[in-house]
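# Results of the structural survey
For reference, the chains in residue letters:
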Amino acid sequence: QVQLVESGGGLVQAGGSLRLSCAASGSLVTINTMGWYRQAPGKQRELVAIKSSGGNTNYADSVKGRFTISRDNAKNSVYLQRNNLKRKDTALYHCNYRTCGNTDYWGQGTQVTVSS
């Protein structure tokens, strides 16, 4: 099992910035992908950004140029720096850890609310 602990959510005004953090512990594997997904009220969960242990990244088109994902493999952690936040970024953000065997683990989620 893998446990994920998220932090960094909160209330921010449109145009502001927030940084999310997620630390993994437990039965970790060397080859993995960590990242963030989000779910807005009434919508399905969607990918925001992911980064593999080898450094490959993937971003949703809606966040390219505004969000930056990074990792600290020594700390088994992933971060999401989000700038120029918009109201449409309001959602529950979940940290994800995917093993090389495509087993997914999820964090509890951290709420981000962007006000106008």
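This section reports on the structure supplied with the text. (Residues numbered from 1 in each chain as written. Predicted model: local features only at pLDDT ≥ 70, side-chain atom pairs only at ≥ 80, totals over all residues. Heavy atoms only, no water.)

### Points about the environment of Y79
Structurally, Y79 can be placed in strand 8 (residues 77-82). For Y79, a relative accessible area of 14% translates into the label buried. Spatially, the C-alpha atom of Y79 lies 12 Å from that of Y37, the residues being 42 residues apart in sequence. When residues no more than four places from it in sequence are discounted, the contact partners of Y79 are R19, L20, S21, W36, T68, I69, S70 and D72. (Helix = DSSP H or I, 4+ residues; strand = E, 2+ residues; numbered from the N terminus. Buried < 20%, exposed > 50% of the residue type's maximum accessible area, 1.4 Å probe, protein only. Contact = heavy atoms within 4.5 Å.)

### What about the state of the cysteines?
Per the stated rule, a full pass over the model turns up one disulfide. Residue pairing for C22: its cysteine sulfur links by disulfide to C95, the two sulfurs lying 2.0 Å apart. As the torsion about the S-S bond is roughly -85°, the C22-C95 disulfide counts as left-handed. Of the two residues, C22 is situated in strand 3 (residues 18-26) and C95 in strand 9 (residues 91-99); the sequence distance between them amounts to 73 residues. Each member of the pair, C22 as well as C95, is classed as buried. As a non-bridged cysteine, C100 has C95 as the owner of its nearest cysteine sulfur, 17 Å distant. (Disulfide = S-S within 2.5 Å.)

### Considering the packing of aromatic side chains
Applying the stated rule across the entire model yields two aromatic pairs. Between the aromatic rings of Y37 and W106, the centroid separation amounts to 5.1 Å while the plane-to-plane angle is 75°, which identifies the pairing as edge-to-face. Of this pair, Y37 sits in strand 4 (residues 32-39) while W106 sits in strand 10 (residues 104-106), and the two are 69 residues apart along the sequence. Here the basic side chain of R45 rests over the ring of W106, its NZ or CZ set 4.2 Å away from the ring centre. Sitting above the plane of the F67 ring, R82 keeps its charged end 5.9 Å from the centroid. (Phe/Tyr/Trp six-rings, centres within 6.5 Å; stacked < 30°, edge-to-face > 60°. Lys NZ or Arg CZ within 6 Å of the ring centre and 35° of its normal.)

### Here we look at the sheet that holds strand 1 (residues 2-7)
Taken in spatial order, the four strands of this open sheet run 1-3-8-7, and their pairing is antiparallel. Across the chains shown, the open sheet's two edge strands, defined by having one partner strand only, are strand 1 and strand 7 (67-72). Averaged over all pairs of adjacent strands, the angle between strand axes in this sheet comes to 15°, irrespective of strand direction. (Pairing = 2+ DSSP bridges. Axes fitted to C-alpha atoms, helices over the stretch in contact; angles between N-to-C directions.)

### Here's the deal with the pattern of salt bridges
Throughout the structure, instances matching the rule amount to five salt bridges. For the salt bridge of D89 with R38, the shortest nitrogen-to-oxygen distance reads 2.9 Å. Taken together, the residues D89 in the loop between strand 8 and strand 9 and R38 in strand 4 connect sequence positions 51 residues apart. Across the pair, R38 and D89 agree in class, each one buried. A cluster of three or more residues bridged by salt bridges with shared partners is formed by R38, E46, R66 and D89. (Salt bridge = Lys/Arg side-chain N within 4 Å of Asp/Glu carboxyl O.)

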